[in-house]
Amino acid sequence: MFADERILGGPDGDPGGFDAFLPEGLAEEPAPFAPPPATDGQERLARLRLIRSRRVGPATYHRLLAAHGSGRAALAALPEVAKAAGVARYTPCPEGVAQAEIRAGRRIGARLLLF
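In this text, all values refer to a predicted model and were calculated from it rather than measured experimentally.

Turning our attention to helix α2 (residues 41-52). Helix length check: α2, at 12 residues, gives a terminal C-alpha distance of 16 Å against a target of 16 Å (1.5 Å per residue), a fit within 8%. For α2, the set of buried residues is E43, L45, A46, R47, L48, R49 and L50. Each element contacted by the buried residues of α2 is listed here: α3 (58-68), α4 (71-84) and α5 (95-107). In this structure D40 caps α2, since a side-chain oxygen of it lies 3.0 Å from the backbone nitrogen of Q42.

Next up, the structure:
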């Protein structure tokens, strides 16, 4: 469990974030899904924004990708998933924050790895 999941948790103190509100069966066990490689910059940015969004940990990230097929689609669906979880006025990680992270990584020679 990650620190943000312990602090933010899900409904009724559930530490699993949004997993309880994903389509039936997705939260029960890992989906045998490998998203296609993020070959364009907008998809890479969307996936980084998704994983950096509040209440989205690694398991929820992969389940959202499995349910929606791409980072862009998962990111677009995230506010409705949050609403179903009882989180009002949810906004995903801002684009500028993710872009700044990518720029900072480039300055030190880092590469963005997406799974």
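So, on to α3. Every buried residue of α3 is listed here: T60, Y61, R63, L64 and L65. Against the buried residues of α3 lie α2 and α4. Immediately downstream of α3, the backbone of G69 shows phi near 85°, a positive value.

Looking now at the side chain of R47. As for its placement among the helices and strands, R47 is situated in helix α2. If we skip the residues at most four places from it in the chain, R47 touches P35, P36, P37, A38, Y61, L65, G71 and L114.

With that settled, consider the environment of R72. For R72, the location among the structural elements is in helix α4. Accessibility expressed as a relative area gives 41% for R72, which makes it partly exposed. Between the alpha carbons of R72 and R49 there is a distance of 9.3 Å; along the sequence they are 23 residues apart. When neighbours within four sequence positions are excluded, R72 is seen to be in contact with D40, Q42, E43 and A46.

Next up on the list: the packing of α2 against α4. One can describe the packing of α2 onto α4 by two numbers: an axis separation of 8 Å at closest approach and a directional angle of 40°. Judged on the interaxial angle alone, α4 and α2 are oblique. You can see that α2 and α4 cross each other, and the crossing is left-handed. On α4, the residues touching Q42, E43, A46, R47, R49 and L50 of α2 are G71, R72, A74, L75 and L78.

A separate point is the pattern of salt bridges. Overall, the coordinates contain 4 salt bridges when judged by the stated rule. With a shortest N-O distance of 2.8 Å, R47 and E43 are connected by a salt bridge. Residue R47 and its partner E43 are both found in helix α2; the two are separated by 4 residues, about one turn of the helix. Across the pair, exposure class does not vary: R47 and E43 are buried alike. We note a salt bridge from E101 to R52, for which the minimum N-O separation is 2.7 Å. Within this pair, whereas E101 is found in helix α5, its partner R52 is found in helix α2, the two being separated by 49 residues in sequence. Since its relative accessible area comes to 32%, E101 is described here as partly exposed. One network of salt bridges, in which partners are shared, links D40, E43, R47 and R72.

Criteria and cut-off values
- Residues numbered from 1 in each chain as written.
- Predicted model: local features only at pLDDT ≥ 70, side-chain atom pairs only at ≥ 80, totals over all residues.
- Heavy atoms only, no water.
- Helix = DSSP H or I, 4+ residues; strand = E, 2+ residues; numbered from the N terminus.
- Expected span 1.5 Å × (residues − 1).
- Buried < 20%, exposed > 50% of the residue type's maximum accessible area, 1.4 Å probe, protein only.
- Contact = heavy atoms within 4.5 Å.
- Polar contact = N/O pair within 3.5 Å; in protein donor to acceptor, adjacent residues only side chain to side chain.
- Axes fitted to C-alpha atoms, helices over the stretch in contact; angles between N-to-C directions.
- Parallel < 35°, antiparallel > 145°, perpendicular 65-115°, else oblique.
- Left-handed = near helix turned anticlockwise from the far one by under 90°.
- Salt bridge = Lys/Arg side-chain N within 4 Å of Asp/Glu carboxyl O.

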